[in-house]
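Here is how the chains run, residue by residue.
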Amino acid sequence: MATRLAEAPGSAPLVSCAKGIERGTHAFMTEVLRQAAPGRPTAILSGPSFAADVAAGLPTAVTLASADEGLARALCDALRGPNLRLYHSTDVRGVEIGGAAKNVLAIACGVAVGYGLGASATAALIARGFAELRRFGEAFGARGSTLMGLSGLGDLVLTCSSPQSRNFAFGQALGRGVNVAEAGKGGLAEGVFTALALIELARERGVDMPIANCVEGLIEGSLDVAGAVGALLGRPPKGEE
């Protein structure tokens, strides 16, 4: 898709609405666009937004980031609507990390619901999942305000709390005992493809991400749900951070 976009005539900026990390290369989405279209302006659009809500004209707020602040402002003005509010940012990597990591963490929350672990467990996973997202983001120089904003915490809360999220629905199926292949038939769950790349990058930077590690274990088959729960609850005591 990025290659096809690069072939479009003119020099219009390319805005990625995809959320993930490319396997093998560990490239973020704007990096993929720049590789396909060198010299073309790029931006990333991300935040708590289900497509159905946007299409229905329901109130939605998202973040658009570009290294060029003027471009980010101009794109926000061009894309905003009466029920779609855009916030501009220059923290491209922070916005991309929020969109990528939250999909993996949403799978964990779906598993908890599907397995019947209760609302308290889901709330704990969201809170501790955000701690993982924050640590990972900080390792890549992301701003705290970005990680706490729409494209970070906002998108995490939405994706981790609704079966409208394909990642949550995928995890919910796993929690109910459905195998990975069957669970994936419910639609594209970006977190399935992002989990391995996220974990590999976290290990390279020395970032501890136990929840994301368990999700990857469930996907690759080295863990079952009971084992994942035991692994998380059996971790040594530590201070909250």
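Shown above is the structure to which this text applies.
A.B. asks: What should I look at first to understand the overall build of the protein in this one?
C.D. replies: When you go through the protein residue by residue, the secondary structure sums to 13 helices and four strands. Taken over the C-alpha trace, the protein has a radius of gyration of 18 Å; the compact-globule value for 241 residues is 18 Å, and the two agree within 12%. With respect to the three principal axes, the spread of C-alpha positions in the protein is 55 × 40 × 35 Å. Classification of the 241 residues of the protein by burial places 46% in the buried group. Pairs at least 24 residues apart make up 67% of the contacts formed inside the protein by residues separated by at least 6 positions. Split by element, the accessible area of the protein, about 11,300 Å² in all, is 57% carbon and sulfur. Charged side chains in the protein number 21 positive and 22 negative. The centres of these two groups are separated by 3 Å.

A.B. asks: Help me understand the sheet that holds strand S3 (residues 60–65), please; the structure alone is not making it clear to me.
C.D. replies: What holds strands together in a sheet is hydrogen bonding between their backbones, with the strands either parallel or antiparallel. Ordered by their spatial adjacency, four strands build an open sheet running S1-S2-S3-S4, and the pairing between neighbours is mixed. The sheet is open, and its two borders are formed by strand S1 (14–16) and strand S4 (84–89), each paired with just one other strand. Across the sheet, the axes of successive neighbouring strands diverge by a mean angle of 25°, strand direction being ignored. For strand S2 (residues 42–46) and S3, the ladder comprises three bridges, and the chain directions are antiparallel. Following the sheet pairing, Ile44 is matched in S3 by Ala65. Running at roughly 175° to S4, helix H4 (residues 69–79) makes contact with S1, S2, S3 and S4 of the sheet.

A.B. asks: Would you explain the environment of Glu200 in this entry?
C.D. replies: Looking at where Glu200 falls in the secondary structure, it is placed in helix H11 (residues 190–205). With relative accessibility at 28%, the residue Glu200 sits in the partly exposed group. Taking C-alpha positions, Glu200 is 9.6 Å from Gly24, a pair spaced 176 residues apart along the chain. At a separation of 2.6 Å, a polar atom in the side chain of Glu200 contacts the side chain of His26.

A.B. asks: Explain the pairing of S4 to me, please; I cannot follow it from the model alone.
C.D. replies: As a general feature of sheets, a regular strand has side chains that alternate between the two faces. In this sheet, S4 lies alongside S3 in parallel orientation, the contact comprising six bridges. Along S4, the bridge assignment pairs Thr63 with Tyr87. Taken together, S3, H4 and S4 constitute a β-α-β crossover, and its handedness is right-handed.

A.B. asks: It is not clear to me how H4 should be interpreted in this structure. Could you clarify?
C.D. replies: Residues that lie three or four places apart on an α-helix share one face, since the helix turns once every 3.6 residues. Turning to H4, its buried residues are Leu71, Ala72, Leu75 and Cys76. Taken end-on, H4 shows its buried residues confined to a sector of 135°, consistent with a single buried face. Opposite the packed face of H4, turned more than 90 degrees from it, sit the exposed residues Asp77 and Ala78. In this structure, the buried side of H4 is in contact with S1, S2, S3 and S4. Near the N-terminus of H4, the side chain that reaches the backbone nitrogen of Gly70, with its oxygen 2.9 Å away, is that of Asp68.

A.B. asks: Whenever I open this one, the packing of helix H5 (residues 92–114) against helix H9 (residues 166–175) confuses me. Can you help?
C.D. replies: How two helices sit against one another is set out by the angle between their axes and by the gap between those axes. Between H5 and H9, whose axes approach to 6 Å, the crossing angle comes to 40°. As far as their axial angle goes, H9 and H5 are oblique. As for the relative orientation of H5 and H9, their crossing is right-handed in sense. Contacts between H5 and H9 involve Asn103, Ala106, Ile107, Cys109, Gly110, Val111, Val113 and Gly114 from the former and Asn167, Phe168, Phe170, Gly171, Gln172, Leu174 and Gly175 from the latter. Considered class by class, the residues forming the contact of H5 with H9 number eight nonpolar, seven polar and no charged.

A.B. asks: Where do I start with the side chain of Asp155 in this structure?
C.D. replies: Position of Asp155 among the secondary structure elements: in helix H8 (residues 150–159). A distance of 2.7 Å separates polar atoms of two side chains, one belonging to Asp155 and the other to Lys19. Each residue touching Asp155, except ones within four places of it in the same chain, is listed here: Lys19, Ser46, Gly47, Pro48, Ser49, Lys102 and Leu150.

Here is what the cut-offs are and how they apply
The residue numbers shown here count from 1 along each chain, following its written sequence. A pLDDT threshold of at least 70 governs which residues receive local features in this predicted model, and a stricter bar of 80 or more applies before side-chain atom pairs are shown or counted, although totals over entire chains, interfaces and linings include all residues. Side-chain measures were taken over the full set of non-hydrogen atoms in the model, leaving aside hydrogen atoms and water. Numbering of helices and strands runs from the N terminus, with a helix taken as a DSSP run of H or I at least four residues long and a strand as a DSSP run of E at least two residues long. It is over C-alpha atoms that the radius of gyration is taken, and the globule rule equals 2.2 Å times the number of residues to the power 0.38. Burial here depends on accessible area, computed with a 1.4 Å probe over protein chains only, as a share of the maximum for the residue type. Under 20% is buried, over 50% is exposed, and the range in between is partly exposed. Note on contacts: a residue pair is in contact if any heavy atoms of the two residues lie within 4.5 Å. Per-residue accessibility takes into account occlusion by the displayed protein chains alone, with areas from the Shrake-Rupley method and a 1.4 Å probe. In this tally, Asp and Glu contribute negative charge and Lys and Arg positive charge; neither His nor the terminal groups of the chain are included. For this purpose, a charge sits on NZ of Lys, CZ of Arg, CG of Asp or CD of Glu. Criterion used throughout: strands pair if DSSP finds at least two bridges between them. Comment: axis = line fitted to C-alpha atoms, over the contacting stretch for helices; angle = value between 0 and 180 degrees taken between N-to-C directions. Here a polar contact is taken to be a pair of N or O atoms separated by no more than 3.5 Å, where protein atoms must pair a possible hydrogen donor with a possible acceptor and residues adjacent in sequence count only if both atoms sit in side chains. With the strands pointing away from the viewer, any crossover whose connection runs clockwise from the first strand over the helix to the second is right-handed. For this quantity, the arc is that covered by the directions from the helix axis to the C-beta atoms. Under this scheme an angle from 65 to 115 degrees is roughly perpendicular, one under 35 degrees roughly parallel, and one over 145 degrees roughly antiparallel; angles in between are oblique. By definition, turning the near helix anticlockwise from the far helix through less than a right angle yields a left-handed crossing, and turning it clockwise yields a right-handed one. Only Asp, Glu, Lys and Arg are considered charged in this grouping, and only Ala, Val, Leu, Ile, Met, Phe, Trp, Tyr, Cys and Pro are considered nonpolar; every other residue, Gly among them, is considered polar.

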